[in-house]
Amino acid sequence: MNTSTAAKGLAAPGKIDLARHKEMANALRALSMDAVEKAKSGHPGLPMGAADVATVLFTRFLRFDPQAPKWPDRDRFVLSAGHGSMLLYSLLYLLGYEDMTLAEIENFRQLGSRTPGHPEYGHAAGIETTTGPLGQGFANAVGMAIAERHLNARFGDDVVNHRTYVLVGDGCLMEGISEEALTLAGHLKLNRLIVLFDDNGISIDGPVTLADSTNQLARFAASGWSISRIDGHDPDAISAALETAQASDRPSLIACRTVIGFGAPHKQGTACVHGAPLGAEEVAAARAELGWKYEPFDVPTHIRDAWRLAGLRGCKERKAWEARLDAVGNGTKGEFERAIAGDLPHALEDNLLDYRKSLCENPPALATRAASQNVLDVINPLVAETVGGSADLTGSNNTRTKDMGVLTAEDYGGRYIHYGVREHAMAAVMNGLALHGGVIPYGGTFLVFTDYCRPAIRLSALMGLRVIYVMTHDSIGLGEDGPTHQPVEHLASLRAMPGLIVMRPCDALETAECWQAAIEQRSKPTVLALSRQKLAPVRSRFSKVNYARRGAYELESGNPDGHSQVVIFATGSEVQVALAAHRTLTDEGIATRVVAVPSMELFAAQPDDYRKLVLGEEPVRVAIEAGVRMGWDPFIGTDGIFIGMSGFGASAPAPALFEYFGITPEAAVEAVTARLAGHGEED
Ligand SMILES: Cc1ncc(C[n+]2csc(CCOP(=O)(O)OP(=O)(O)O)c2C)c(N)n1
Ligand SMILES: [Mg+2]
């Protein structure tokens, strides 16, 4: 365990001034209930209940500097119970974060404010992650804590040495993802992770006992956590528990017994304060109960000053850290700053270009999952920031490269995480890794199990994080494992998600292009859909242009003298089907173009004239993809020919399945010739 002064830093010793504490906590309560009242919606219960815990944490333990909110070595605070957003907004305002003005507090939940209903990453400094879907923030915090230990191993105590605190509610702990997150954290002995459980025994439907009787302390203890239970309204107890937790060699859970809506005399302790304004009468009663004599949004100077003072605690620490960073030497400092900025090493572009050239010289027939591993063999030795992993499918996802040590409790310097069978937490942990900064996470499972990751993928997209999902076994082409394992609707459903880039390469060369596009995409997540089965090389002519980055491009140009009759769009393994159909049609004198579509999203972002050119005006329009049709009409029109799936797959060797479901060149040719004949008749 590390006990450097930097880590101890701000655990303020000495007795707590209880009167002062009460005023400061009540400021959080008053701002929160008044903002909810003004917005006529929101959640006063959590901020009022957890105000004492938050006050002790932020005034005595958390290390941060409102003047430098992005200070890389700050402690992270995650409000996993995102409905309690007013707690966080009140804290940021009182501590002096520039983004969080009183006007923003008064504008709670309004369009364009920095204070939306749930905290959103990027809306205001000090908000470390977007929370709201319960349990996600907890798993993000596990990712942040992993990133911290990993970067500590890489850069040393002087540069990276901080803690991650997360406030969870009953809801976060009932969610399945909490189990995945806590067991992983316990296994990795993340002792710089401290979970404050707002243990109020209430959720929306009423007492938690309606639906749950888990002994949460025993549950965490069983997975290797330090545990304690305290009165969450006793500042000394909160402080003592935090001090103990800071010294633990394991992650810590502090169950803080609180009263939801503390201070609202007729409603506290009941579900009705969870998510509705208290109402004018109860707000007045709460003012009397708390001894809060001030008008709405008025925090008297002496209380505001006390908070601002707490906000200044970290400045000296931050400056000391800057001095330490200056002292580590230019090489390390430069590498650290580059990693935190998320910049890729300059050599990567040239190396990937050389690699793509070598693929053209000697085009391999490879499953794109194997091709992906080969690209990673180029990327990983150059980009020390990549942290790979898989949810127990390393050998199938081909995600681990030779140079990657395993990240373990004994060696946080490893760059490969065995996430175990925890897809959901893997995705949310990757969000936490990306949010922390200094690392670039990628992780794998089967494409069909993106369903198990989906809530976290959605947050990657909403936050605009560079997280790369390596999703293999991308169609019925996986064969014998059958319909439970064969994605059918997944490409369509992932493409439906705003902000997510979905890429499905057709061969090794395109896989390299897709990886390059994904890793250079700084503010968007990417799903790489990769084949289990071997794919013949499609392209062998070298070009500096990364065609996959255009999203769609022509592979076969059809009639050189004029209009073609047919255009076929295809992705991934079905590009070969399209090319074979093209050969037959061409032999039959039917001018046909073929367009590879590695990414619909990237194509949609191209200039209009490029898109028009690629889409063309052929009367007969075909798409081939071993998934459902949804999403293809913009390419082929509602009357286009779609060769793909319309139901679930089946268990059989892959070639038999493509035959059975009619995803073959013959089927495509037959459909095209029938359509052409039909056209003829109509004419
Ligand atoms: C995944 C998910 N499911 C449901 C909800 C809706 N929801 C918001 S808060 C909440 C109850 C949370 O209870 P608890 O964490 O105990 O919060 P408290 O009532 O104590 O503030 C629910 C069901 C949600 N935000 N996320
Ligand atoms: Mg609760």
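Residues numbered from 1 in each chain as written. Chains lettered and ligands numbered in written order. Predicted model: local features only at pLDDT ≥ 70, side-chain atom pairs only at ≥ 80, totals over all residues. Heavy atoms only, no water.

**Side note on the overall build of the protein**
To keep things clear, this is the line we draw: Runs of E in the DSSP output that reach at least two residues are strands. Runs of H or I that reach at least four are helices, and both are numbered from the N terminus. The cut-offs for exposure are 20% and 50% of the maximum accessible area for each residue type, with area from a 1.4 Å probe on protein chains only; residues under the lower value are buried, those over the upper are exposed, and the others partly exposed. Any two residues having at least one pair of non-hydrogen atoms within 4.5 Å are treated as being in contact. All accessible-area figures derive from a Shrake-Rupley calculation using a 1.4 Å probe, and residue coverage is judged against the displayed protein chains alone. As used throughout, the charge tally considers Lys and Arg to be positive and Asp and Glu to be negative, leaving His and the chain termini uncounted. By convention, charge coordinates are those of NZ in Lys, CZ in Arg, CG in Asp, or CD in Glu.
For the protein, the helix and strand inventory stands at 27 helices and 20 strands. Dimensions along the principal axes, computed over C-alpha positions, put the protein at roughly 90 × 55 × 45 Å. Out of the 683 residues in the protein, the part that is buried amounts to 60%. Intrachain contacts of the protein at a sequence separation of at least 6 include 78% that bridge at least 24 residues. Surface exposure of the protein reaches about 25,300 Å², of which carbon and sulfur atoms provide 52%. Here the protein contributes 63 positively and 82 negatively charged side chains, and the mean placements of these two sets differ by 6 Å.

**Examining the coordination of the magnesium ion (ligand 2)**
The criterion, for reference: Keep in mind that water is not among the atoms, so a site may look incomplete; donors are the N, O and S atoms within 2.8 Å of the metal, or 3.2 Å for Na, K and Ca.
The coordination sphere of the magnesium ion (ligand 2) contains the protein donors D170 (OD), N200 (OD1) and I202 (O), at a distance range of 2.0 to 2.1 Å. Between consecutive donors of the magnesium ion (ligand 2), the numbers of intervening residues give the motif D-x29-N-x1-I. I202 carries the same exposure label as N200, and that label is buried.

**With respect to the site of ligand 1**
Note the following rule: Put simply, a residue is near a molecule or strand once any heavy atom of it comes within 4 Å of that molecule or strand. What qualifies as a polar contact is a pair of N or O atoms within 3.5 Å, subject to a donor-acceptor requirement within protein and to the restriction that residues adjacent in sequence count only when both atoms come from side chains.
Near ligand 1 there are 15 residues, and of these H83, G132, G171, N200 and H274 occur at the shortest range. Interatomic distance of 2.8 Å between a backbone N/O atom of G171 and an oxygen atom of ligand 1. Between an oxygen atom of ligand 1 and a main-chain N or O atom of I202, the distance comes to 2.8 Å. With the chains in place, 75% of the 590 Å² that ligand 1 exposes on its own is no longer accessible. Only helix 8 (170-174) and strand 4 (202-203) provide two or more residues apiece to the shell around ligand 1.

**Thoughts on the nonpolar core**
In globular proteins that are soluble, nonpolar side chains generally tend to be buried together. Our working definition: Side-chain atoms within 4.5 Å are what join buried Ala, Val, Leu, Ile, Met, Phe, Trp, Tyr and Cys residues into a set we call a nonpolar core.
Of all hydrophobic cores here, the largest spans 131 residues; its most connected members are F138, I146, L242 and W307. Excluding residues within four positions of it along the chain, L242 makes contact with V56, L57, F61, Y165, I194, L196 and I254. Counting 48 residues, the second-largest nonpolar core is a separate cluster that includes V567, V594, V595 and F635.

**Focus: the pairing of strand 18 (residues 592-596)**
Quick reminder of the rule: Paired strands, as defined in this entry, are two strands with at least two bridges between them according to DSSP. The crossover handedness rule: strands pointing away from the viewer, path from first strand over the helix to second strand clockwise, crossover right-handed.
For strand 18, the tally of buried residues reaches five of five residues, placing the bulk of the element in the interior. Alternating positions in strand 18 separate into two faces, T592, V594 and A596 on one and R593 and V595 on the other, with burial throughout. Here strand 16 (residues 553-557) runs beside strand 18; their pairing, made up of four bridges, is antiparallel. Opposite Y553, over in strand 18, you have A596 as the bridge partner. Since strand 17 (residues 566-570) and strand 18 lie parallel, the crossover through helix 22 (residues 574-587) that links them has a hand, and here it is right-handed.

**Remarks on the sheet that holds strand 9 (residues 386-390)**
Rule in force here: Comment: axis = line fitted to C-alpha atoms, over the contacting stretch for helices; angle = value between 0 and 180 degrees taken between N-to-C directions.
Ordered by their spatial adjacency, six strands build an open sheet running 10-9-11-12-14-13, and the pairing between neighbours is parallel. Each edge of the open sheet carries a strand with a single partner, namely strand 10 (416-418) and strand 13 (501-503). The sheet shows a mean angle of 20° between the axes of neighbouring strands, taken without regard to direction. Here strand 12 (residues 468-472) pairs with strand 14 (residues 526-530) via five bridges, running parallel. Looking at strand 14, one finds that Y469 is bridged to V527.

**Details of the environment of G291**
Its place among the elements puts G291 in the loop between helix 12 (280-290) and helix 13 (301-327). Residue class for G291 comes out partly exposed when judged on its relative accessible area of 42%. As for G291 and S493, which are separated by 202 residues in sequence, their C-alpha atoms are 53 Å apart.

**Examining the packing of helix 4 (residues 51-61) against helix 5 (residues 85-95)**
Using the following cut-off: Each crossing is labelled by how the near helix is turned from the far one, with a counterclockwise turn of less than a right angle marking it left-handed and a clockwise turn marking it right-handed.
Between helix 4 and helix 5, the least distance of the axes is 11 Å, while the angle of their chain directions is 40°. Here helix 4 runs over helix 5; the crossing is right-handed. Contacts from A51, A54 and F58 of helix 4 reach helix 5 at L87, L91 and L95.

**Focus on the side chain of N546**
Note on placement: N546 falls in the loop between strand 15 (534-535) and strand 16. Taking relative accessible area as the criterion, N546 reaches 7% and is therefore assigned buried. Within polar-contact distance, the side chain of N546 engages the backbone nitrogen of A548 at 3.2 Å. In this structure the side chain of N546 is engaged in a polar contact, spanning 3.1 Å, whose partner is the backbone nitrogen of R549.

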